[in-house]
Amino acid sequence: MTTSPSPAAPSHSRSSGASLASLPRWRQFLSTLNWRRDPGYEQSIVLHEQRRIQHELRMRQLRSEIEQIERETEQIERETEQLRLENARENALSALIRQRCFPPESCSIPPLPTETDCSPSSR
């Protein structure tokens with residue numbers, strides 16, 4: 001609301017029917033002010049309330065998205081741990097297969113012949 005001082009004009013017609021002289025002093029003082037509604041102020045209050053509601057809705061939406069991301073992160077962590085365990089089992093199994101099927105003393109390339117292997121007496 002805005003106020004602007006105006007000269008004290010005696011008004012004999014009041015909505016309550018009381019004359020200015022019969023009012024308390026503070027009411028007499030208030031009657032000297034020109035009180036008007038400020039539509040801009042009321043609009044800003046309404047706009048502020050609308051923004052507050054939009055902000056609350058956005059915050060709820062963001063909380064929901066955060067909870068969804070947290071659930072997905074937990075799922076990914078569980079899957080990652082499961083893959084680590086499977087990789088460890090696969091590596092252990094591969095090492096066991098290499099050890100059993102390909103012992104270190106065996107070699108797929110035959111050794112080079114030595115002189116004693118090529119001599120006619122060894123045949």
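Residues numbered from 1 in each chain as written. Predicted model: local features only at pLDDT ≥ 70, side-chain atom pairs only at ≥ 80, totals over all residues. Heavy atoms only, no water.

Student: Explanation requested: the overall build of the chain in the structure shown.
Tutor: Scanning the chain from N- to C-terminus turns up 3 helices and 0 strands. Ordered by position from N to C terminus, the α and β elements of the chain give α-α-α. The burial tally for the chain puts 4% of its 123 residues in the buried class. Taking the contacts inside the chain whose residues are at least 6 apart along the sequence as the reference set, 63% of them involve residues at least 24 apart. (Helix = DSSP H or I, 4+ residues; strand = E, 2+ residues; numbered from the N terminus. Buried < 20%, exposed > 50% of the residue type's maximum accessible area, 1.4 Å probe, protein only. Contact = heavy atoms within 4.5 Å.)

Student: Please clarify how a negative patch on the surface should be interpreted in this entry.
Tutor: On the surface, Glu67, Glu70, Glu74 and Glu77 cluster together into a patch of negative charge. As for its placement among the helices and strands, Glu67 is situated in helix H2 (residues 39–101). (Patch = residues over 30% accessible without salt bridge, like charges linked within 9 Å, V, L, I, M, F, W, Y side chains within 5 Å. Areas by Shrake-Rupley, 256 points an atom, 1.4 Å probe, with all protein chains shown as cover. Salt bridge = Lys/Arg side-chain N within 4 Å of Asp/Glu carboxyl O. Lys, Arg positive; Asp, Glu negative; His and termini not counted. Charge placed at Lys NZ, Arg CZ, Asp CG, Glu CD.)

Student: Just to check I follow, could you spell out the pattern of salt bridges for this structure?
Tutor: Oppositely charged side chains may form a pair once their charged atoms are brought near each other. In total, this model carries 3 salt bridges according to the counting rule given. Residues Arg52 and Glu49 are paired through a salt bridge, measuring 2.4 Å at the closest nitrogen-oxygen approach. With Arg52 and Glu49 both in helix H2, this residue pair falls 3 residues apart, about one helical turn. For Arg52, a relative accessible area of 35% gives the class partly exposed.

Student: Just to check I follow, could you spell out a nonpolar patch on the surface for this structure?
Tutor: A surface patch of nonpolar side chains, about 260 Å² in accessible area, is lined by Leu93, Leu96 and Ile97. Note that Leu96 resides in helix H2. Judged by relative accessible area, Leu96 falls into the partly exposed class, the value being 37%.

Student: Can you help me understand the confidence of the model for the chain in this one?
Tutor: Note: predicted coordinates in regions of low pLDDT should not be interpreted at a detailed level. The share of residues in the chain with pLDDT of 70 or more is 68%, and the mean pLDDT across the chain is 80. In this model residues 6–14 is a low-confidence stretch, pLDDT under 50, and it forms 10 contacts with partners more than four residues away in sequence or in other chains. (pLDDT = per-residue confidence, 0-100.)

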